[in-house]
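One-letter residues, chain by chain:
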Amino acid sequence: MTAVHVPGVPAIEAGRLVSTSPATGAEAGRFPVATDDDVRRAVDRARAAGEWWAGLGFTGRRERLLQWRALLAKRIEELAELVHVEGGKPIADAIVEIVTAIEHIDWAARNAGRVLGPRRVRSRLILAEFSGHLEYQPHGVVGVVGPWNYPVFTPIGSAAYALAAGNAVVLKPSEYTPAVGQWLVDSFAEVVPEQPVFTAVHGLGDVGAALCRSGVNKLAFTGSTATARKVMAACAETLTPVLIEGGGKDAMIVDSDADLDAAAEACVWGGMTNAGQTCIGIERVYAVDSVFDAFVDKVVARAGQLTVGAEGTDIGPITMPKQLDVIRRHIDAAITSGGRAVLGGPSAVQPPYVHPTVLVDVPEDSAAVREETFGPTLTISRVRDADEAVTRANALSYGLGGSVFGRRRAVAIARRLRSGMASINSTLTFAGMSTLPFGGVGDSGFGRIHGEDGLREFGRAKAITRRRARSLLPSMTFERNPTDVARLIKAIKVMYGR
């Protein structure tokens with residue numbers, strides 16, 4: 001008898017993880033579920049492969065990573081179709097996601113040697129007889145626990161930088177998008193067939209927990225803040241260092257001198273792309289009183305034009321079916337507490353879809369304002385001025401990204417946001433800029449991927465000193481004498497006593 005699968009809900013059948021489309025129920029793939037022993041063996045194999053991979057040096061790894069980048073570029077339509085089928089994401093959004101991931105692979109490959117390679121570090125007078133040297137050595141095996149909402153961009157944001165730094169990677173894709181994760185691993189194996197440098201293990205949350213305890217040298221996690229705490233607890237058992245990207249509830253501030261047309265367009269994109277299932281998506285907006293009404297009208301006009309459905313639309317299905325309950329609860333809570341739906345509302349939730357919803361007059365203590373919604377919904381609140389907007393934006397424990405629209409004060413406002421990232425007169429753009437670090441503060445996590453900081457995250461600093469001459473001020477030796485100590489005291493007073 002053939003099992004009946006709920007569209008989009010991961011199922012275990014005969015020891016295999018079955019992945020289906022949330023829109024159509026079409027099967028995207030079946031993958032063997034890893035046991036704890038399977039995970040440990042995968043890490044052990046990766047450790048040996050990582051030694052070989054590290055031995056290629058920056059130049060050898062760069063060549064292979066650029067080949068992988070080229071392969072993804074050539075097969076971009078194939079991968080986008082898989083992302084669309086498995087997660088429901090519109091093809092155009094999938095293309096943008098893959099393009100951004102390709103850019104990160106390219107930058108990491110080209111810059112790893114410059115950022116992480118051995119270099120001379122200037123010494124100081126007291127140790128002038130020594131030269132200083134610094135390099136970043138690979139950790140060994142990096143475990144990556146990936147999310148379902150950006151199943152290409154987000155895992156690659158960790159994996160490509162870890163690989164460029166000389167590590168092997170074991171990926172645990174989300175159980176909602178295992179086919180995409182396996183596709184990435186298989187495509188990498190085409191350009192690196194010699195060793196299992198980049199591999200995947202599949203299953204539910206228990207497989208992710210097993211990866212935490214498997215002996216990986218570092219673990220990079222992207223997911224909810226609640227799960228992030230469990231990951232940290234598991235990794236703490238073995239003092240395994242972690243990189244955490246948790247949830248977000250990003251705010252957008254619209255100042256009095258903002259270009260309202262540009263702000264409205266970016267707001268709708270930032271809040272509703274990928275059906276709002278974006279950790280750095282705009283969920284809260286604070287518009288100053290003088291522009292509030294005009295801004296809301298422009299947002300409603302643009303959001304109301306978005307199309308919803310399975311094929312050829314702007315907004316696809318909600319990938320994780322149980323998230324529909326969260327979205328419905330937040331909309332209901334907003335209305336019950338006195339808020340108004342100027343677009344959409346409770347009727348917008350039509351499983352597996354949610355239509356664009358814009359809420360105003362929602363109290364700040366409402367779940368719609370304080371909790372991560374992960375749907376195509378926006379709350380827009382009226383504030384006296386930018387100062388009040390910043391205060392409200394910073395009131396939550398999350399601190400991932402944010403956005404500011406304005407002219408004279410925009411940079412100053414962006415700096416005051418308690419977040420790891422901010423964009424001015426745009427939304428989400430910091431994610432695609434491979435030269436900048438990506439990460440949050442507070443309940444949104446810690447550590448950074450992307451950019452130079454992202455490369456260093458996957459290397460451990462190794463400091464080396466080397467004697468190059470006789471000591472003029474011998475201090476770190478039992479051979480020093482009272483005269484040496486007196487000269488040392490005199491030198492310190494001359495140098496630092498003013």
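Residues numbered from 1 in each chain as written. Predicted model: local features only at pLDDT ≥ 70, side-chain atom pairs only at ≥ 80, totals over all residues. Heavy atoms only, no water.

Draft legend 1. Structural view of the overall build of the chain. Each helix and strand in the chain was counted, giving 17 helices and 21 strands. By the compact-globule yardstick of 23 Å for 498 residues, the chain fits well, its C-alpha radius of gyration being 25 Å. The principal-axis extents of the C-alpha atoms in the chain amount to approximately 85 × 65 × 40 Å. Counting all 498 residues of the chain, 55% fall into the buried class. (Helix = DSSP H or I, 4+ residues; strand = E, 2+ residues; numbered from the N terminus. Rg over C-alpha atoms; globule rule 2.2 N^0.38 Å. Buried < 20%, exposed > 50% of the residue type's maximum accessible area, 1.4 Å probe, protein only.)

Draft legend 2. The arrangement of the environment of Gly316 in detail. Relative to the helices and strands, Gly316 resides in the loop between α10 (289–303) and α11 (323–336). Using a relative accessible area of 2% as the deciding quantity, one classes Gly316 as buried. Taking the C-alpha atoms as reference points, Gly316 and Asn274, separated by 42 residues in sequence, lie 7.1 Å from one another. Other than its neighbours up to four places away in sequence, Gly316 contacts Gly88, Pro90, Ala275, Gly309 and Tyr353. (Contact = heavy atoms within 4.5 Å.)

Draft legend 3. Representation of the sheet that holds strand β1 (residues 11–13). Overall, antiparallel pairing links the three strands, which are arranged β1-β2-β3 in an open sheet. Only two strands of the sheet have a single partner each, and these edge strands are β1 and β3 (27–32). Neighbouring strand axes in the sheet, compared pairwise and without regard to direction, differ in orientation by 30° on average. Bridge count for β1 against strand β2 (residues 16–20) is three bridges, and the pairing is antiparallel. Bridge assignment links Ile12 to a residue of β2, and that residue is Leu17. (Pairing = 2+ DSSP bridges. Axes fitted to C-alpha atoms, helices over the stretch in contact; angles between N-to-C directions.)

Draft legend 4. The arrangement of the pairing of strand β7 (residues 168–172) in detail. With five of its five residues buried, β7 lies for the most part within the structure. Neither face of β7 is left uncovered, since the one carrying Ala168, Val170 and Lys172 and the one carrying Val169 and Leu171 both have all their residues buried. Inspection of the sheet shows strand β6 (residues 141–145) paired to β7 by five bridges, in the parallel sense. Bridge pairing in β7 links Val145 to Lys172. For the crossover from β6 across helix α5 (residues 153–164) to β7, the handedness is right-handed. After leaving β7, the chain enters helix α6 (residues 178–191) and then returns to the sheet as strand β8 (residues 198–200), a path that is right-handed. (Right-handed = clockwise from strand over helix to strand, strands pointing away.)

Draft legend 5. Structural detail: helix α4 (residues 91–116). Between its first and last C-alpha atoms α4 spans 36 Å; for 26 residues at 1.5 Å apiece the expected length is 38 Å, and the two agree. Of all bends in α4, the biggest is about 40°, found at Arg110. (Expected span 1.5 Å × (residues − 1). Bend = angle between axes of the 7 residues up to and from the residue.)

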